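Fold and contact review
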Amino acid sequence: MGLLGRYKNGNFVTTILSDGTKIRETEDDEFIPLFAENMDIKICNYCDMGCKFCHEGSTINGKFGNILNEKFIDSLHPYQEVAIGGGDATSHPDLTPFLQKLKEKKVIANMTVNQIHFEKKQELIKKLVNEKLIYGLGVSLVNPTKHFIELIKQYPNAVIHVINGVLKPSDIKALENNNLKMLILGYKHLRRGNEYFEEEQNDIETKQQWLYENLEDIIQKFQVVSFDNLAIEQLDVKRLLTQEEWDEFYMGDDGSTTYYVDMVERKFARSSTAHMNKRYDLLDSVDDMFNVIRMEND
Ligand code: SF4
């Protein structure tokens, strides 16, 4: 497997392989980073999908961040990772030059797109992957058709994103045993996610209960199943792992090695679900922002 990058960060060395695998090594008892490993970056709030549960509240009136002119981008470290999303990130007019700038800085860019945009914008997506402007590609599931499954299989670094409470048994039936990778995200009670929960609480909780009960079985049917921290909590993923496995796979609390940057509102926070009064005005340096988040942790 190819090596994407290897760098020292505080008291440990991080190795990133071409399939996205990340290995941290240290001589000490704990990992103490000097800078964030990853930032979730929202580049626009425009989206034409209108998903009822959208915790970003994205609409066709959403704005685009001024992504080519933010100073903090110049302070990114080589091999630091950014997870780019929106809104519909593919609709940002400056997406390609932005990714080119990141590539020149040896920053590893990953991006998440909705399944419908993934299917409609194949030309753009292929170009971004082939030119190594993005490495990891997250695709938010809408409808697991045969066409979609065949298409996503063409991208070895693609991960299907699903939401705990939206994912249903028939989705898993269609996706399972196709050697696919799946990331389960927690249900976010924010913006439209909140309103949708109030309207559809029963249905959402039934799906969450089903996923909780069937998780162990589902994991066997995919090449990889991963979770964000919210899903780890909602599905109590720890119950399925030994302590050794947990220590090996758990990547740390939000804010310990990652944080969130909203380039539309020009704010940063521990995560995209942070309370509005725990979002701070952007600073010019990614390290200064990380230090603010770390002080929050103390
Ligand atoms: S959830 Fe994603 S695809 Fe749906 S409206 Fe929000 S940003 Fe768009």
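Now for a quick tour of the structure. (Residues numbered from 1 in each chain as written. Predicted model: local features only at pLDDT ≥ 70, side-chain atom pairs only at ≥ 80, totals over all residues. Heavy atoms only, no water.)

Okay, the packing of helix 1 (residues 95-104) against helix 3 (residues 122-130) next. Each pair of packed helices can be summarised by the angle the axes make with each other and by the distance between the axes. It is the contact of helix 1 with helix 3, at a shortest axis distance of 12 Å, that shows an interaxial angle of 10°. The angle between helix 1 and helix 3 places the two elements in the roughly parallel class. Contact residues: Leu 95, Thr 96 and Leu 99 in helix 1; Leu 124, Lys 127 and Leu 128 in helix 3. For the contact of helix 1 with helix 3, the per-class residue count stands at four nonpolar, one polar and one charged. (Axes fitted to C-alpha atoms, helices over the stretch in contact; angles between N-to-C directions. Helix = DSSP H or I, 4+ residues; strand = E, 2+ residues; numbered from the N terminus. Parallel < 35°, antiparallel > 145°, perpendicular 65-115°, else oblique. Contact = heavy atoms within 4.5 Å. Nonpolar A, V, L, I, M, F, W, Y, C, P; charged D, E, K, R; others polar.)

Time to look at the pattern of salt bridges. Going through the model one piece at a time under the given rule, you end up with 17 salt bridges. The salt bridge partner of Lys 173 is Glu 176, with a shortest N-O separation of 3.0 Å. Its relative accessible area of 12% is what places Glu 176 among the buried residues. Several salt bridges share partner residues, and in doing so they unite Lys 22, Arg 24, Glu 37 and Glu 81 into one network. (Salt bridge = Lys/Arg side-chain N within 4 Å of Asp/Glu carboxyl O. Buried < 20%, exposed > 50% of the residue type's maximum accessible area, 1.4 Å probe, protein only.)

Another point: the site of the ligand. All residues adjacent to the ligand are Cys 47, Met 49, Gly 50, Cys 51, Cys 54, Ser 58, Gly 87, Asn 114 and Arg 192. The residue inventory of the shell around the ligand, partitioned by class, reads four nonpolar, four polar and one charged. (Near = heavy atom within 4 Å.)

With that settled, consider the sheet that holds strand 2 (residues 12-17). Within a sheet, adjacent strands bond to each other through the backbone by hydrogen bonds, running parallel or antiparallel. The three strands are arranged 1-2-3 in an open sheet whose pairing can be described as antiparallel. Strand pairing shows two members of the sheet lacking a second neighbour, strand 1 (3-9) and strand 3 (22-26), which therefore form its edges. For this sheet the average axis-to-axis angle between neighbouring strands, irrespective of direction, equals 15°. With five bridges connecting them, strand 2 and strand 3 associate as antiparallel partners. Paired with Thr 14 across the two strands is Arg 24, which belongs to strand 3. (Pairing = 2+ DSSP bridges.)

So, about the packing of aromatic side chains. Applying the stated rule across the entire model yields twelve aromatic pairs. Each ring, one from Tyr 187 and one from Phe 197, has its centre 5.9 Å from the other, and the planes form 50°; the classification is tilted. Taken together, the positions of Tyr 187 in the loop between strand 9 (181-185) and helix 6 (192-219) and Phe 197 in helix 6 put the pair ten residues apart, joining distant regions of the chain. The class for Tyr 187 is buried, based on a relative accessible area of 2%. (Phe/Tyr/Trp six-rings, centres within 6.5 Å; stacked < 30°, edge-to-face > 60°.)

Together, Glu 27, Asp 28, Asp 29 and Glu 30 make up a region of like negative charge exposed at the surface. Along the chain, Glu 27 falls in the loop between strand 3 and strand 4 (38-42). (Patch = residues over 30% accessible without salt bridge, like charges linked within 9 Å, V, L, I, M, F, W, Y side chains within 5 Å. Areas by Shrake-Rupley, 256 points an atom, 1.4 Å probe, with all protein chains shown as cover. Lys, Arg positive; Asp, Glu negative; His and termini not counted. Charge placed at Lys NZ, Arg CZ, Asp CG, Glu CD.)

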